[in-house]
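The chain contents come next:
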Amino acid sequence: MQQKTFFIRAEFCTGCEMCQLACSLYREREVNPARSRISIQRVVMDGLMFPHICLNCKEPPCIKACRRQAVIKDKETGWVTIDGEKCNNCKLCVSACPFSAIIVTPEQEVLLCDVCGGNPKCVEMCPTGAIQFADRDRGVAGPTDKAAVDMFKT
Amino acid sequence: MERLAIIDLSTEQVVCRDIPEKVLRKYLGGEGLNTYLLYNYLPQGVDPLSPDNILLFGSGLISGYDVSSSRFEVTAKSAEGEGGFGTSNSGGHWSAELKFAGFQHLLIKGKAARPTYLWIHDGEIEFRDASFLWGHDTYECQELIQDDLGDPDVKVAMIGQAGENLVLFANIMHGLKRAAGRTGMGCIMGSKLLKAIVVRGKRGLKPHNPDKLMENYKNHYRQITSTKIYPVISRYGTLTIFCVANQSGTISVKNNQYNYFAEAEGHLDDEIFEEQYKTKTLACFGCPLRCSHRYRINTGPYAGTWGEGPEFYMMAGFGPAVGNADWDCILAANTLINRYGLDVGSSSGYIAWLMELWQRGIINKKDTGGLVLEWGNKEAILALIHQMARNEGFGGMIGQQASKAAGIIGRDSGRYLYVQRGMVHETPQNFRAARATALGEATGNRGSDHLKGRCALEFFAMPPEVLEKIYGRSIASDLKSWDGKAWMAVWTQHFTTVADSLGYCKFATIWPGSTHNLGYRQFCETINTVKGWDVTPAELMETGERIWNLQRMYIQRETGVLRKGDIPPSIYFQPQPLEPLKGEKLDHDEYDRALDEYYEIRGWTREGAPTTETLKRLGLNKEPSHLI
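Residues numbered from 1 in each chain as written. Chains lettered and ligands numbered in written order. Predicted model: local features only at pLDDT ≥ 70, side-chain atom pairs only at ≥ 80, totals over all residues.

A.B. asks: For the overall build of chain B, give the residues involved together with the corresponding values.
C.D. replies: Secondary structure summary: chain B contains 25 helices and 17 strands in total. Relative to the compact-globule value of 25 Å for 628 residues, chain B shows a C-alpha radius of gyration of 23 Å, a close match. Once the C-alpha set of chain B is aligned to its principal axes, its extents read approximately 60 × 60 × 50 Å. Every one of the 628 residues in chain B was classed for burial, and the buried ones make up 59%. Contacts in chain B between residues far apart in sequence, at least 24 positions, make up 69% of those at least 6 positions apart. (Helix = DSSP H or I, 4+ residues; strand = E, 2+ residues; numbered from the N terminus. Rg over C-alpha atoms; globule rule 2.2 N^0.38 Å. Buried ≥ 20, exposed ≤ 12 C-beta atoms within 10 Å, placed from the backbone. Contact = placed C-beta atoms within 7 Å.)

Now the structure itself:
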C-alpha cells in the first residue's frame, strides 16, 4: 500500500497559524496553539516561518529513543504515533526528533501528530499549500531543513 | 469568562474583573466594550496627555476563534484634534495572544515613574523597566524585548520614537507594519511613559460548541477564499486599490489640488511592487488573506532598505499626494514611518500641505530651516519624517502642533490645511464625487474616517436589486446620486463598528465591496457557537447602533462639537479639475439635506444629538452605568 506523509514548503508559510487553530480545535476541543500537534517556528524579524510536524520517518529516531515502547510506527500506513497509556512524558523522543516535531505542552505533556486518521485538518486549512499530505514516493520526506537552506540563499 | 485588567501605572497595581455577560452581549468587545469603558471610566474634561486619560486595549469578542478575526482596538481620549473620540484598530498576532494570556481588555491609567513595559503572560501582569528600550525604534525594540524575556514568541505592541517624543499623530505599532493609527494613540502611550505591552499566552480558549466551531471555521475559510477579491488581496494587498482609484479620479494629488496623477502611470502600481520589491508574504493570526508583504530595495540610493507593508495609504499618501512617483522613495518612507511609529495618513497630509504652502510662496527656506519643499522632493519628504519623529526643526514643530501649526505659520496657511474635527483629513482620500462615502466618512466619530465610512459598493454601479438585498432599502446605483445614500452610510457605520467589536478584519467581510464575503449571518454563527447565545443579525445591527450612539454621547460630553464637526473639509465643496469625474463637488445645500436625513434615520436632533427616545430604545439612557 502507498504510504502518505507530510511535505512542508516553508517558503510558502505565512505564519497565519490556521493549521494550529484547526489542530487544537479538532484534537483538543479548544483553541490553543500551545496544544496543537503542529508548531510554527516564527522568526519574525527575518520573515521566516517554519512549520514543524511529524514527517513519519522511515526509521524514526524517536522510536529508538523511547524506553517504554510508547512510540509506534504502523507497518501498513507508516504513521508514527504515541501510545498515551505507555508514555510517561519523559521527553526522550522530543530530544531525539531531528525535526522538532514532537510537542511539549505548557503542562509538560508530550503530543505527537496522528494525521487525524488520514485526513489532516491542518492541510485542509492551509491557504498556501505550505503543508501537504501526499504519497511518500512523491518526494523526500522531511524537507523542512532543506527549505531553510533554500530560503537563506536569497 | 472574559476578563478586564485595570492597570494603574502610577501605583503599579493591577485589579482584574470579570466582564459580566449582559455587558458583553450589549457591547461585544473590541471597539464596543472599549467605548463603554471609556465612557464609564474617563473623568470628564481631562487633558488628553495628562495621567488622568485612560488607554484601553481590547481584543475582539471572537478574536482568536474564527478565520480573519485578529483585530484589537486601542481607545483613549484623542491626542490629535479637538480631544474627542480617539480609537484605532490593528491586526497582527497580538489580539489572539492577549486572549491566550487570559484577558480580553486592558484599561491603563496613571503615568509610570520611569519608562516601563508591561509583560503579560498566562494571567499575570508584570511592570518592567524599559529604560534600555527608550529611544529605540520599533524594530529594535522588539528584538531587545525578545532578548530581555528570553522568548522569541512574545507579541509586542509598542511605540517608536514618535510616541516617546509625544508627536500628536504617533501610532501604536505591532510587528513590523501593523499599526493602530490616527488620533494619536501612540502619543497617549508615550505620555504615560509606557513603551510596550508584551503578551504571551498558553491558555486555551474554550468555545461553547467546539464541533460546530470547527464546521464554521471551515465554512468561513472556504467562503473567504472563494471570493473574487481573495486572489487579488492575497497577492497585492490593498495596493491593488491604487490604480483603480487613480484612474477613476478619486485620489488626492498635490494636497487635493488635482484628482488624477498621470506621472504614476507605469511607475506606481501593484505589479511593479510585486516584481521588483516583494520578498515574502505574511499573514495576521488565522487569516488566509495574507496581505503583509515584506520588501527590499535592491538598487538606487535606498538600496538595502527593507520592511513590511506598504498599504494603499502609504502609496497614495507618499505618492500623488506629495507629487512623488518613485516607488523607492515611498518604500523608504514606509520603513521610516513604521520604525518611528508615525501615522501615514496624518504625516503625509501635513507634508502635502507644507508643499502646497511652498508652491504658493507662503513659506520659504527661512521657515523650513533650509528644506526645499518642492513637489516630489524625496530628500525633503524623508527629512520631514525624521524631524517629525525626533522633534527637531521645522518638522518637529508640525509633529508637536499638528493642525495648530497653521496658527503658528499664519499667513492664511490654514486655508490649504484640510481638517475635520481638528484632525488633518486623510490625505489620499478624495471622495467628493461619492456621496455615501463622503457623508459616511465625515460623520465618523473620530472624524474623516474611511474605515467607518467607506461605502465600497457605491463605486461598482451595482444593480438596485442587489443593493436593496444587502442594505434592505432602495439605494441609487449612481455614485453621484444622493438617493438612499444616508441610509447606506448609516448601515456601513453600524456594520464596521460590529466588525471592529468582534475583531474581524474588514477585508474578510463585505465591507470592501465583496458581496459574497462574511456578513452579519456569519458573525452570528460564530458568536452563537463560541458563546452559546442566540444572537440574530437584527440584534447585531442594533448593537452597532448602540455603540455608535454611545460614541456620539461621548463626543457630546467631551467636545460639544456635533453638527459642525460632521462637515467634510472645505476642498470637498470645490469642483475637481481633471477627468474622470471632472467638475464633481459636494453642494452645501444638498449636503445639509443629506445630513438632515442622516440624523433623522439615526433618531437624532437637527443639531446631531441623540434624542432621549433614541437612547431609551438602545438602552443607553442610564449611561454611565458602571457595571464593570
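Additional details are given in the paragraphs that follow.
A.B. asks: How would you explain the overall build of chain A if you had to name every residue and give the values?
C.D. replies: When its secondary structure is counted, chain A shows five helices and eight strands. In chain A, the order of α-helices and β-strands from amino to carboxyl end is β-α-β-β-α-β-β-α-β-β-α-β-α. The burial tally for chain A puts 45% of its 154 residues in the buried class. In chain A, the share of contacts with a sequence separation of at least 24, taken over all contacts with a separation of at least 6, comes to 64%.

A.B. asks: How would you sum up the domain arrangement of chain B? Please name residues and give values.
C.D. replies: Many analyses report the size of an interface as the accessible area lost when the parts associate. Residue and element names in this part refer to chain B. You can read the domains of chain B as domain 1 (3-200), domain 2 (238-424) and domain 3 (435-617). Measuring from the centre of the C-alpha atoms in domain 1 to the corresponding centre in domain 3 gives 27 Å. Secondary structure elements with two or more residues in the side of domain 1 that touches domain 3: α1 (21-27), α2 (30-41), β4 (72-77) and β5 (85-90). Looking at the side of domain 1 that touches domain 3, the element that brings in the most residues is α2, giving seven residues. For the side of domain 1 that touches domain 3, a count of residues per class yields ten nonpolar, 21 polar and nine charged. (Domains from an automatic or database assignment. Nonpolar A, V, L, I, M, F, W, Y, C, P; charged D, E, K, R; others polar.)

A.B. asks: Describe the nonpolar core, with residues and values.
C.D. replies: Counting 238 residues, the largest nonpolar core has Ala-22 of chain A together with Leu-56, Ala-196, Val-198, Leu-342 and Ile-385 of chain B as the members making the most contacts within it. Other than its neighbours up to four places away in sequence, Leu-56 of chain B contacts Asn-34, Leu-37, Leu-38, Val-74, Thr-75, Ala-76, His-105, Leu-106 and Leu-107 of chain B. (Core = buried A, V, L, I, M, F, W, Y, C linked by C-beta atoms within 7 Å.)

A.B. asks: Go over the sheet that holds strand β10 (residues 172-174) of chain B with me, naming the residues and quoting the values.
C.D. replies: Residue and element names in this part refer to chain B. A sheet is described by the order of its strands in space; here six strands give the open sequence β8-β7-β12-β9-β10-β11, paired in mixed fashion. At either margin of the open sheet sits one strand with a lone partner, and together these are β8 (124-129) and β11 (178-180). On average, each strand axis in the sheet is tilted by 20° relative to the strand beside it, whichever way the strands run. Inspection of the sheet shows strand β7 (residues 116-121) paired to strand β12 (residues 194-200) by six bridges, in the parallel sense. Bridge pairing links Tyr-117 to Ala-196 in β12. (Pairing = 2+ DSSP bridges. Axes fitted to C-alpha atoms, helices over the stretch in contact; angles between N-to-C directions.)

A.B. asks: Account for the sheet that holds strand β3 (residues 55-59) of chain B, with residues named and values stated.
C.D. replies: Residue and element names in this part refer to chain B. One open sheet accounts for six strands, arranged β2-β1-β6-β3-β4-β5; its pairing is mixed. The open sheet has two edge strands, β2 (13-18) and β5, and neither has a second partner. Strand-to-strand twist in this sheet, taken as the mean axis angle between neighbours without regard to direction, amounts to 15°. Taken together, the four bridges between β3 and β4 define a ladder with antiparallel strand orientation. Bridged to Ser-59 within β4 is Phe-72.

A.B. asks: So what's going on with the confidence of the model for chain A? Residues and values would help.
C.D. replies: Residue and element names in this part refer to chain A. Residues with a pLDDT of 70 or more make up 88% of chain A, whose mean pLDDT is 87. Note that pLDDT drops below 50 for residues 141-145; the model gives that stretch 15 contacts with residues more than four away or on any other chain. Overall, residues 147-154 carries pLDDT values under 50, and its contacts beyond four positions in sequence, including any with other chains, amount to eleven contacts. (pLDDT = per-residue confidence, 0-100.)

A.B. asks: Pulling in residues and values, what's your account of the interface of chain B and chain A?
C.D. replies: Facing the 29 residues of chain B at the interface are 25 residues of chain A. Of all the secondary-structure elements, those providing two or more residues to the side of chain B that touches chain A are α7 (210-225) and β13 (278-282) of chain B. It is α7 of chain B that provides the largest number of residues to the side of chain B that touches chain A, a total of six residues. Partitioned by chemical class, the residues of the side of chain B that touches chain A number 15 nonpolar, seven polar and seven charged.

A.B. asks: Give a description of helix α13 (residues 344-359) of chain B that names residues and reports values.
C.D. replies: Residue and element names in this part refer to chain B. With 16 residues, α13 should cover 22 Å at 1.5 Å per step; its first-to-last C-alpha distance of 22 Å lies within 8% of that length. Counting buried positions along α13 yields 15 of 16 residues, so the element is predominantly enclosed. Gly-361, located one to two residues past α13, shows a positive phi value of around 75°. (Expected span 1.5 Å × (residues − 1).)

A.B. asks: Describe unusual backbone geometry, naming the residues involved and giving the relevant values.
C.D. replies: Residue and element names in this part refer to chain B. Looking along the chain, the bond that leaves Glu-579 and enters Pro-580 is cis, with omega of -10°. Residue placement: Pro-580 occurs in the loop between α23 (537-558) and α24 (588-602). Going from Glu-623 to Pro-624, the amide bond is cis rather than trans, its omega being -5°. In this model, Glu-12 sits at a positive phi of 55°, which is unusual for a non-glycine residue. In this fold, Glu-12 is placed in the loop between β1 (3-8) and β2. A positive phi angle, close to 60°, is found at Leu-581, a residue other than glycine. For Leu-581, the position within the fold is in the loop between α23 and α24. The exposure class assigned to Leu-581 is buried, which follows from the 20 C-beta atoms found within 10 Å.

A.B. asks: So what's going on with the pairing of strand β9 (residues 155-158) of chain B? Residues and values would help.
C.D. replies: Within a regular beta strand, the side chains point alternately toward one face of the sheet and then the other, so they alternate between its two faces. Residue and element names in this part refer to chain B. Of the two faces of β9, both are covered, the one formed by Lys-155 and Ala-157 as well as the one formed by Val-156 and Met-158. The pairing of β9 with β10 spans two bridges and is antiparallel. Residue pairing for β10: Ala-157 is matched across the bridge by His-174.

A.B. asks: Could you give an account of the environment of Val-198 of chain B, with specific residues and numbers?
C.D. replies: Structurally, Val-198 of chain B is set in strand β12. When sequence neighbours within four positions are dropped, the list of residues in contact with Val-198 of chain B reads Tyr-117, Leu-118, Trp-119, Ile-120, Ile-145, Leu-149, Val-154 and Val-156 of chain B.

A.B. asks: Requested: an account of the environment of Leu-550 of chain B, with residues and values cited.
C.D. replies: Residue and element names in this part refer to chain B. Relative to the helices and strands, Leu-550 resides in helix α23. Overall, Leu-550 belongs to the buried group, with 26 C-beta atoms counted inside 10 Å. Taking the C-alpha atoms as reference, Leu-550 lies 7.2 Å from Leu-620; in sequence the two are 70 residues apart. For Leu-550, the residues in contact, after removing those within four places along its chain, are Thr-35, Tyr-36, Tyr-39, Leu-620 and Glu-623.

A.B. asks: I'd like a description of α23 of chain B, backed by residues and values.
C.D. replies: Between its first and last C-alpha, α23 of chain B extends 32 Å over 22 residues, near the 32 Å set by a 1.5 Å rise per residue. Immediately downstream of α23 of chain B, the backbone of Gly-560 of chain B shows phi near 70°, a positive value.

A.B. asks: Help me get a handle on the packing of α2 of chain B against helix α21 (residues 485-502) of chain B, residues and values and all.
C.D. replies: All names here are of chain B. Packing of α2 against α21 brings their axes to within 4 Å, and their N-to-C directions diverge by 90°. Our classification of the angle between α2 and α21 gives roughly perpendicular. Counting all contacts with α2, which are made through Gly-30, Glu-31 and Gly-32, the residues of α21 involved are Thr-497, Asp-500, Ser-501 and Leu-502. Along the lines of polarity and charge, the residues of the contact of α2 with α21 split into one nonpolar, four polar and two charged. (Parallel < 35°, antiparallel > 145°, perpendicular 65-115°, else oblique.)

A.B. asks: I'd like to hear about the environment of Gly-619 of chain B, residue by residue, with values.
C.D. replies: Residues and elements named next belong to chain B. By the element assignment, Gly-619 lies in the segment after α25 (612-617). Counting along the chain gives 250 residues from Gly-619 to Gly-369, while the straight-line C-alpha distance between them is 55 Å. Leave out the neighbours within four places in its chain, and Gly-619 touches Lys-26 and Arg-546.

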